[in-house]
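The primary structure of each chain is shown beneath.
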Amino acid sequence: MTKPKRVTLFIQCIVDSCFPAVGEAMVKVLERQGLALDYPANQTCCGQPAFNAGYRDEAARLASHYLDVFEDAEAIVCPSGSCVHMVRHHYMELFAKDPRQLDRARRVAAKTFEFTEFLVEVLGVTDVGATWNGQVTYHDSCHLLRGLGVKDQPRALLSGVRGLTLVEMTRSDECCGFGGTFSAKYPEISEALLETKLANIQATGTGAVVGCDMGCLMHMQGMIRRRELPISVHHIAEILAGEE
Amino acid sequence: MLNQDPLKYRELAAKAVEDKQLHRALAKMRDKVGRNAVNLYNQLSPGHDPRQDAKAVRRKIVDNLDVVLETLSANIRARGGHVHLAETGEDAVEYCLGVARRFEVSRVVKGKSMLSEEIHLNDALEAAGIETVETDLGEYIVQLKGEAPSHIIAPAIHYTREQVGELFAEKLDQPYTDDPPTLTAMARKALREKMLTADMGISGGNTACAETGHVTIVSNEGNIRMATTMPRVHVVLLGIEKIAATLEDHDILLRMLTRAAAGQKISTYVSYVGGPRLPDEPDGPEEFHLVLVDNGRSRILADPDFREVLHCVRCGGCLNVCPVYMAIGGHSYGSPYCGPIGAVFTPLTRGINTCHHLCQGETLCGACKQVCPVDNDLPRMLSLLRSKLADGDRRWDVRRQSLPTKLVFGAWSVIMRHRRMYDALSVMARFGQRLLPRKNGWIRRLPGPLGGWTRGRDFPPLAQESFADRWARRDKTGRGA
Ligand code: SF4
């Protein structure tokens, strides 16, 4: 994709309602890249929670809504890998038997990007002029890593941040146990996975974890707060928006 | 076999997550085999993904299974072996019992067969008064303990050597030791006696080869060689899908299998069996039987959405990288097929409603797909199984699991398509959440089915102003988002 002039924001539901600051941080970073931004006010959710729980008709209705909202955009950027994975992969499954929608979905999916992927792959930047003092470790979200193949992009962006040192944790690519409704339905298992993840984060000695998906991050933060652990949690946009 | 109930998943899992020793054992497997498998594939042909070759081979075979099965049967019969196609598990069990009766068998030595667990063969043999002894060390341990295997290729992985020492001391009447070589020697001695006096050998097979008419069994102990050649009759139990068409395909699969299963280029022993002893041969059984077991597999074969699961070569690789399996161990699945492959295969053969936990109790993280030597898309199939539970499915005899959940998602999808409704609801929720207990801003306890989340984790509150609100404000005032 050639570098677009206008970017349409897709702020997924949990960022919109619980973590608006993450959306704002992304806005700041994109504006610093000289981009004009759009935010269609009638957007909500990509349908992923329904899809993962098995409710495909319901997910398909939201997918159609997404297509209606974003069809005319030049490029769509979202601060969440799993939502982009939903659009890029599962929409094709949802519309497999509907050629007209499938065609629309393909076109929209081709211009929907995860935030770090967009910065590195489309804009070609790894230094966004940010400063952040301290050490962090990075968590690879499952859908971002294995679904979209985004592994190096966030790391490249982090190493472009002045003052920041990235310390890799053991098995950064292992699931944190969020898994959407799974986390509430099977709390014992979900918590066990999360404990392992938090132990790996703590073992780095950095005291800070960065990720690209608010789903995983709110999951981690949920236990960190409950147990009052000394780990701070950051969406990568917040780090990249950091100024001197 | 104990605890074989997939409906107990949550209960068993909750117990297993507390089992530190189980985790240590599984972590060893993960670090030694699980995470190395992919590197090993790469060594096979640098710069090229051999999983795709293996996938293509498996697809071709499974798509032409009828022809492949016929060729295999013809070649085995030509060498004097018997072939039986068993439609159900009971049918297969009955056939084995028939052979045992004809040979007046009082002791069976057995090994390397997940399928026999699937069809409950041991129970049936024991009920018929036939002593049945597992010859694979791990399976032997599990059998002595009266348990089910907990890993596809490492059935006794959940035991420490100290526990094995205690078990042997008790059951084999030996002085206690936890020295692995001594323990192995003890088992070997006990097993040799059994093998020398058994009348019948029963084994599984890792794959058969249609072109040559043989069954291949890989092992690292070699006991299976004795179990299959010393008794007077040898019966192989094989799922109808575990076949390679040509020797070339067979080799491709075998190489991937041993890498994925144990991180080995090839296993210590690879046995090729395929018929009774011929006049000029020094050993081998008088009779050879191949029982090809369907037991629900042709139903899977007939569904293009799930056919892929029959590509599985049962290497157990997906177990070793699955964080859920690592946390809960094999017994939680209530089925001989555990981990990600079990979560897809078991519901399809035992009923999707009966196994609803297996379909839902996974995170869809995708690690299993990445390591699978035949690139099976297990997360795709899991998600599809969930959709059958959500809406019901006649073809698979699935009842809708929960009408209320369906209605909730229905209502949610309406609200989410209408921003105004969504905003109105957010306003209400923002007020409502004040009633919930909080600490440092985050919610301590959520009501209803969401309460599972707050069992051990806090939940974020809705922000006073959504991103959309802030953006709208900025449009008006030039400030905000
Ligand atoms: S699904 Fe793949 S990784 Fe899992 S047991 Fe089967 S072949 Fe091995």
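- An unreviewed UniProt entry lists chain B under the name L-lactate dehydrogenase complex protein LldF, with Desulfomicrobium macestii as the source organism.

- In the nomenclature of an unreviewed UniProt entry, chain A is known as L-lactate dehydrogenase complex protein LldE of Desulfomicrobium macestii.

1. As for helix 7 (residues 115-122) of chain A
- Extensive coverage of helix 7 of chain A is indicated by the burial of seven of its eight residues.
- Listing the buried residues of helix 7 of chain A in full gives F115, T116, E117, F118, L119, V120 and V122 of chain A.

2. Examining the sheet that holds strand 6 (residues 214-219) of chain B
All names here are of chain B.
- Within the open sheet, the four strands sit side by side as 8-5-6-9. Their pairing is mixed. The open sheet is flanked by strand 8 (243-244) and strand 9 (269-273), the only strands paired with a single partner.
- Inspection of the sheet shows strand 5 (residues 207-209) paired to strand 8 by two bridges, in the parallel sense. By the bridge assignment, C209 is partnered in strand 8 with A244.
- Contacts from helix 13 (residues 247-262) reach strand 5, strand 6, strand 8 and strand 9 within the one sheet, and its direction differs from that of strand 6 by about 15°.

3. Here's the deal with the side chain of S402 of chain B
All names here are of chain B.
- Locating S402 in the fold gives a position in the loop between helix 20 (378-391) and helix 21 (403-416).
- Residue class for S402 comes out buried when judged on its relative accessible area of 18%.
- In this structure the side chain of S402 is engaged in a polar contact, spanning 2.5 Å, whose partner is the side chain of T405.

4. Overview of the UniProt feature "domain: Cysteine-rich" (unreviewed entry) in chain A
Residues and elements named next belong to chain A.
- Cross-referencing UniProt, the feature "domain: Cysteine-rich" (unreviewed entry) maps to residues 7-87 and 136-221 in the present numbering.
- End-to-end, the C-alpha atoms of residues 7-87 are 17 Å apart, and along that stretch the chain is 57% helix and 11% strand.
- The annotated region residues 136-221 carries 50% helix and 14% strand content, and the separation between its end C-alpha atoms amounts to 15 Å.

5. Overview of the pairing of strand 7 (residues 208-211) of chain A
Residue and element names in this part refer to chain A.
- Neither face of strand 7 is open: one carries A208 and V210, the other V209 and G211, and all of them are buried.
- As defined by bridge partners, strand 5 (residues 131-138) adjoins strand 7 across two bridges and the pair is classed as parallel. Across the sheet, residue T137 finds its bridge partner in strand 7, namely V209.
- As judged from the four bridges shared by strand 7 and strand 8 (residues 232-235), these two strands associate in the parallel manner. Bridging from a neighbouring strand, V209 pairs with V233 of strand 8.
- This β-α-β element, strand 7 to helix 12 (residues 214-227) to strand 8, shows right-handed connectivity.

6. Re the pattern of salt bridges
- Here the structure, examined in full by the defined rule, presents 52 salt bridges over all chains.
- A salt bridge links R455 of chain B to E188 of chain A; the nearest nitrogen and oxygen atoms lie 3.9 Å apart. Within this pair, whereas R455 of chain B is found in the loop between strand 12 (442-443) and helix 23 (467-477), its partner E188 of chain A is found in helix 11 (residues 187-203), the two belonging to separate chains.
- Residue E188 of chain A is classed as buried on the basis of its relative accessible area of 13%.
- Salt-bridge contacts for D375 of chain B lead to K55 of chain B; the nearest nitrogen and oxygen are separated by 3.7 Å. Of the two residues, D375 of chain B sits in the loop between helix 19 (367-371) and helix 20 while K55 of chain B sits in helix 4 (residues 50-63), which places them 320 residues apart along the sequence.
- By sharing partners, the salt bridges in this structure join D49, R51, K55, E308, K369, D375 and R380 of chain B into a single network.

7. Considering unusual backbone geometry
- Positive phi, close to 55°, is recorded for E228 of chain A, a residue that is not glycine.
- Within the fold, E228 of chain A resides in the loop between helix 12 and strand 8.
- Judged by its relative accessible area of 51%, E228 of chain A falls in the exposed class.
- In this structure, N440 of chain B takes a positive phi of about 50° despite not being glycine.
- Relative to the assigned elements, N440 of chain B resides in the loop between strand 11 (438-439) and strand 12.

8. Here we look at the packing of aromatic side chains
- Considering all chains together, one arrives at 21 aromatic pairs over all chains under this definition.
- Seen from their ring centres, Y39 of chain A and F467 of chain B are 5.1 Å apart, and the 70° between their planes marks the pair as edge-to-face. Remark: F467 of chain B occurs in helix 23 and Y39 of chain A occurs in the loop between strand 2 (36-38) and helix 3 (48-53); the pair is interchain, linking two chains. Accessibility assignment for this pair places Y39 of chain A and F467 of chain B in one class, buried.
- Aromatic pair Y140 of chain B and F168 of chain B: ring centres 6.2 Å apart, planes at 55°, arrangement tilted. Note that Y140 of chain B is positioned in helix 9 (residues 137-145) and F168 of chain B in helix 10 (residues 161-171), a separation of 28 residues in sequence. Taken as a pair, Y140 of chain B and F168 of chain B share a single burial class, namely buried.
- An aromatic cluster of three or more residues is present, and its members are F10, Y66, F70, Y91 and F95 of chain A.
- The ring of F345 of chain B carries R314 of chain B above its face, with NZ or CZ at 4.5 Å from the centroid.

Each value, and the rule that gives it
Residues numbered from 1 in each chain as written. Chains lettered and ligands numbered in written order. Predicted model: local features only at pLDDT ≥ 70, side-chain atom pairs only at ≥ 80, totals over all residues. Heavy atoms only, no water. Buried < 20%, exposed > 50% of the residue type's maximum accessible area, 1.4 Å probe, protein only. Helix = DSSP H or I, 4+ residues; strand = E, 2+ residues; numbered from the N terminus. Pairing = 2+ DSSP bridges. Contact = heavy atoms within 4.5 Å. Axes fitted to C-alpha atoms, helices over the stretch in contact; angles between N-to-C directions. Polar contact = N/O pair within 3.5 Å; in protein donor to acceptor, adjacent residues only side chain to side chain. UniProt positions renumbered as here; feature names shortened; annotations may be inferred. Right-handed = clockwise from strand over helix to strand, strands pointing away. Salt bridge = Lys/Arg side-chain N within 4 Å of Asp/Glu carboxyl O. Phe/Tyr/Trp six-rings, centres within 6.5 Å; stacked < 30°, edge-to-face > 60°. Lys NZ or Arg CZ within 6 Å of the ring centre and 35° of its normal.

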